[in-house]
There are 2 protein chains.
Amino acid sequence: MLKRRQFLKMSSAAITGSLLAFPATASTASLFKEKRYRILALVFDDYETLDLHGPIEMLGHMPDVEIKLVGPTEFVKSYQGPRVVTDTLMDRHYDCDLLLIPGGLGTRKLVDDKQLIHWLTIQLTRSKKIFSICTGSALLAKTSSLDGIKATTNKMAYQWVTSLADEVHWQPKARWVDDGKFLTSSGVSAGTDAALYWAKQLHGEVEARRIETLTEYRWVDDSNSDPYAIFTE
Amino acid sequence: MLKRRQFLKMSSAAITGSLLAFPATASTASLFKEKRYRILALVFDDYETLDLHGPIEMLGHMPDVEIKLVGPTEFVKSYQGPRVVTDTLMDRHYDCDLLLIPGGLGTRKLVDDKQLIHWLTIQLTRSKKIFSICTGSALLAKTSSLDGIKATTNKMAYQWVTSLADEVHWQPKARWVDDGKFLTSSGVSAGTDAALYWAKQLHGEVEARRIETLTEYRWVDDSNSDPYAIFTE
């Protein structure tokens, strides 16, 4: 197993190393079934567990949805320890309806990973909507795609994330922000609330409330309700 | 890969098939590091994503903690689709400080899986504390270990779960219940609140609030606060 993983890491590295020359024309037929709402979630070592699985829980209860994980290696380890299996490697790009970008300690290194940022820059053009959770917005910021956009991020890491891109209209008080193509949420559990907001946008409030009840959740349904807001004045 | 998985499924099945003859004396040295708070989480196909990852998020931020996944096969698929990698198979038992048992659609079949229930019955004797989330309590109920114990479960599946064991003191109104060796939570997201409660029991309220803030969570810290309570009268 280890050998296979090492091989995959090498091949993945070799492939991402050649990303600049890689055309963004890969078919998604083999990744998603027909007529599904296609959610592609980026994973990387030291991603924050709830950043990813909170939104997956809520979005995964929507009708006709399919969720796939993409990452640099076959297995990816969360900050908390447990590992997920990627459904595809970052050797190509995919058409999807929603690109999910979690945060976590791993983003501290990845903001300087030119190959990752390049892959992401192309993948953004193949994604109808982009949803970042926590410091996932730091990766988006490094692609310059948030320039001129209202966005938010983890309030515990606010100074670091906002220092990465001056042209972003960073919001110091917001559970989440939906501006055009980008839905950005505050830290960790805020992503779960933002996911229900997105389910509401797609299927209406009745469906969002059905999922809230099904999961016995207490949805913070007001994006302006942010007890962790940064007060800059 | 498929071949390897099929092999693992077969070998796992073969091994669990011989559980009755398997002595519960396996060393945990190879699974957990020394001097850690050892959390072993059971996973199975169609487990509910947040049942597992909500508690892992909160408990994973406690000091000196290690979290390992145990399941019937190398890869286990959540109800929402994404897969996790098990750290060990159910071919033996492990000493642990906390056994985590998520729920989900998969439990509907597993309550009739004699090999799983037998493995669990032995594993309970090797676990200092048992923490079930949602319909994970259905699996516990089938081991008879909850007989005479106060416990709760998913309120959406209350009738089914409570029908599995008459001797359990089922609580129709509770976010979670802590009775002796067993901490049982209500549906899905209630497990995240119960996990913070357990962090508080182990490390005090300051540590629990630190984790709540770190994850920008809104902890329902009152076990009696249950908007999904069943009113039997």
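Residues numbered from 1 in each chain as written. Chains lettered and ligands numbered in written order. Predicted model: local features only at pLDDT ≥ 70, side-chain atom pairs only at ≥ 80, totals over all residues. Heavy atoms only, no water.

Q: I keep staring at the sheet that holds strand E6 (residues 96-101) of chain A and nothing clicks. Help me out?
A: In a beta sheet, neighbouring strands pair by backbone hydrogen bonds and run either parallel or antiparallel. Residues and elements named next belong to chain A. Taken in spatial order, the 7 strands line up as E5-E2-E1-E6-E7-E11-E10 in an open sheet, and their pairing is mixed. Of all the strands in the sheet, just strand E5 (88-89) and strand E10 (176-179) have a single pairing partner and so form its edges. As paired elements, E6 and strand E7 (residues 127-132) share 5 bridges and run parallel to each other. For Leu-98, the partnering residue across the bridge sits in E7 and is Lys-129. Sitting on the sheet, helix H2 (residues 49-59) is in contact with strand E1 (37-42), strand E2 (65-71), E6 and E7, with an inclination near 145 degrees to E6. (Pairing = 2+ DSSP bridges. Helix = DSSP H or I, 4+ residues; strand = E, 2+ residues; numbered from the N terminus. Contact = heavy atoms within 4.5 Å. Axes fitted to C-alpha atoms, helices over the stretch in contact; angles between N-to-C directions.)

Q: Mind showing me how you'd approach helix H8 (residues 205-214) of chain B here?
A: Note that an α-helix has 3.6 residues per turn; residues three or four places apart therefore point the same way. Residue and element names in this part refer to chain B. Every buried residue of H8 is accounted for by Glu-207, Ala-208, Ile-211 and Glu-212. In an axial view of H8, the angular spread of the buried residues amounts to 140 degrees, which keeps them on one side of the axis. Elements that come into contact with the buried residues of H8 comprise helix H2 (49-59) and helix H7 (190-203). Backbone geometry just after H8 places Glu-216 at a positive phi near 45 degrees. (Buried < 20%, exposed > 50% of the residue type's maximum accessible area, 1.4 Å probe, protein only. Arc of directions from axis to C-beta.)

Q: Just checking my understanding: could you explain the interface of chain B and chain A for this structure?
A: Where the parts come together, the accessible area they lose is often given as the size of the interface. Each side of the interface is counted separately: chain B has 45 residues, and chain A has 45 residues. When the buried surface of chain B facing chain A is broken down by residue, Arg83(B), Glu216(B) and Arg218(B) rank first, second and third, together holding 21% of it. Counting across the interface, chain B meets chain A through 2 salt bridges. In this structure, Arg83(A) engages Asp87(B) in a salt bridge whose closest nitrogen and oxygen atoms are separated by 3.2 Å. Contributing elements (two or more residues each) for the side of chain B that touches chain A: H2, strand E2 (65-71), strand E4 (83-85) and H8 of chain B. Per element, the largest residue contribution to the side of chain B that touches chain A is 7 residues, and it comes from H2(B). When the residues that make up the side of chain B that touches chain A are grouped by side-chain class, the tally is 19 nonpolar, 14 polar and 12 charged. As paired strands, strand E4 (residues 83-85) of chain A and E4(B) are joined by 3 bridges and run antiparallel to one another. Residue pairing in the sheet places Val85(A) in a bridge with Arg83(B) of E4(B). (Buried area = accessible area lost by both parts, 1.4 Å probe. Salt bridge = Lys/Arg side-chain N within 4 Å of Asp/Glu carboxyl O. Nonpolar A, V, L, I, M, F, W, Y, C, P; charged D, E, K, R; others polar.)

Any link to function would need more than the numbers given here.
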